[in-house]
Amino acid sequence: MGYAVKLDTNGYRPDVLKKLCNDGLVDYVAMDIKNSPEKYALTAGLDTIDIAKIKESADFLMNGNTPFEFRTTVVSELHKREDFDSIGQWLKGDEPYFLQSFADSGDTIEAGFNSPSENEMNDFLTTIVQYTPKAQSR
């Protein structure tokens, strides 16, 4: 019987991701893509971020043998159409990519975030599908 284990590196630790995958200890990876590279730090709630490490993790998954998906939780205040153009250019390919609408659990670090409208989600999906044809909304 297998176990699901969540490893929250958020892409910041490509060394850990590579070791676990290369050692055959991971059956599946779901990597959060917070936003476009240009807005990644803002969306992660940081002043700056080493986007190179996140890109290294994404590239490793895209070129490796471990099954995976990318996913973005879409927040009205943080995501715009052009962000999905940028994400699409970055992750262009045949990989599984999912857009998830933000749902306020009441446990967010900062208040005031909202779910995008259905029209916004459809627009974002239409944009990303041009680059990642397997993209879907959840």
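This one's a predicted model, so the numbers in the text were calculated from it and none came from an experiment.

About the thresholds
- Residues numbered from 1 in each chain as written.
- Predicted model: local features only at pLDDT ≥ 70, side-chain atom pairs only at ≥ 80, totals over all residues.
- Heavy atoms only, no water.
- Buried < 20%, exposed > 50% of the residue type's maximum accessible area, 1.4 Å probe, protein only.
- Helix = DSSP H or I, 4+ residues; strand = E, 2+ residues; numbered from the N terminus.
- Expected span 1.5 Å × (residues − 1).
- Arc of directions from axis to C-beta.
- Contact = heavy atoms within 4.5 Å.
- Polar contact = N/O pair within 3.5 Å; in protein donor to acceptor, adjacent residues only side chain to side chain.
- Core = buried A, V, L, I, M, F, W, Y, C linked by side-chain atoms within 4.5 Å.
- Pairing = 2+ DSSP bridges.
- Axes fitted to C-alpha atoms, helices over the stretch in contact; angles between N-to-C directions.

## Here's the deal with helix α4 (residues 81-90)
- Of all the 10 residues making up α4, 7 are buried; the element is thus mostly covered by neighbouring parts of the structure.
- The complete set of buried residues in α4 reads Asp83, Phe84, Asp85, Ser86, Ile87, Gly88 and Trp90.

## What about helix α5 (residues 118-129)?
- Between its terminal C-alpha atoms α5 stretches 16 Å, which fits the 16 Å expected from 12 residues at 1.5 Å a residue.
- For α5, the full list of buried residues reads Met121, Phe124, Leu125, Thr127 and Ile128. Buried residues in α5, looked at end-on, bunch into an arc of 160°, giving them a common side. Seen from the buried face of α5, the exposed residues on the opposite side, beyond 90 degrees, are Glu118, Asn119 and Thr126.
- Looking at the buried side of α5, the elements it contacts are β2 (68-74), α4, β3 (97-101) and β4 (136-137).

## Focus on the environment of glutamate 69
- One can find glutamate 69 in strand β2.
- For glutamate 69, a relative accessible area of 6% corresponds to the buried category.
- For the pair glutamate 69 and valine 29, spaced 40 residues apart in sequence, the C-alpha separation works out to 6.4 Å.
- For glutamate 69, the residues in contact, after removing those within four places along its chain, are Tyr28, Val29, Ala30, Met31, Pro96, Phe98 and Arg138.
- At a separation of 2.5 Å, a polar atom in the side chain of glutamate 69 contacts the side chain of tyrosine 28.
- Side-chain polar atoms of glutamate 69 contact the side chain of arginine 138, separated by 2.8 Å.

## Regarding the nonpolar core
- Ranked by size, the top nonpolar core spans 24 residues in total, and within it Phe70, Tyr97 and Leu99 carry the most contacts.
- Listed by contribution, the elements that provide at least two residues to this core are α1 (14-22), β1 (29-32), α3 (51-62), β2, α4, β3 and α5.
- Not counting chain neighbours up to four residues away, the residues in contact with tyrosine 97 comprise Phe70, Thr72, Phe84, Ile87, Leu91, Ile128, Thr132, Lys134, Ala135 and Gln136.

## Brief notes about the environment of glycine 93
- By the element assignment, glycine 93 lies in the loop between α4 and β3.
- It is 8.8 Å that separates the C-alpha atoms of glycine 93 and lysine 134, two residues lying 41 residues apart in sequence.
- Leaving out residues up to four positions away in the same chain, glycine 93 has contacts with Tyr131, Thr132 and Pro133.

## Re the sheet that holds β4
- Reading across the sheet, the 4 strands line up as β1-β2-β3-β4 and stay open at both edges, with parallel pairing between neighbours. One side of each edge strand has no neighbouring strand; the edge strands of this open sheet are β1 and β4.
- Direction of pairing for β2 relative to β3: parallel, over a ladder of 5 bridges. Directly across from valine 74, in β3, lies its bridge partner serine 101.
- Across the sheet, α5 touches β2, β3 and β4, and the angle it forms with β3 is around 165°.

As far as function goes, none of this settles anything; it's purely spatial.
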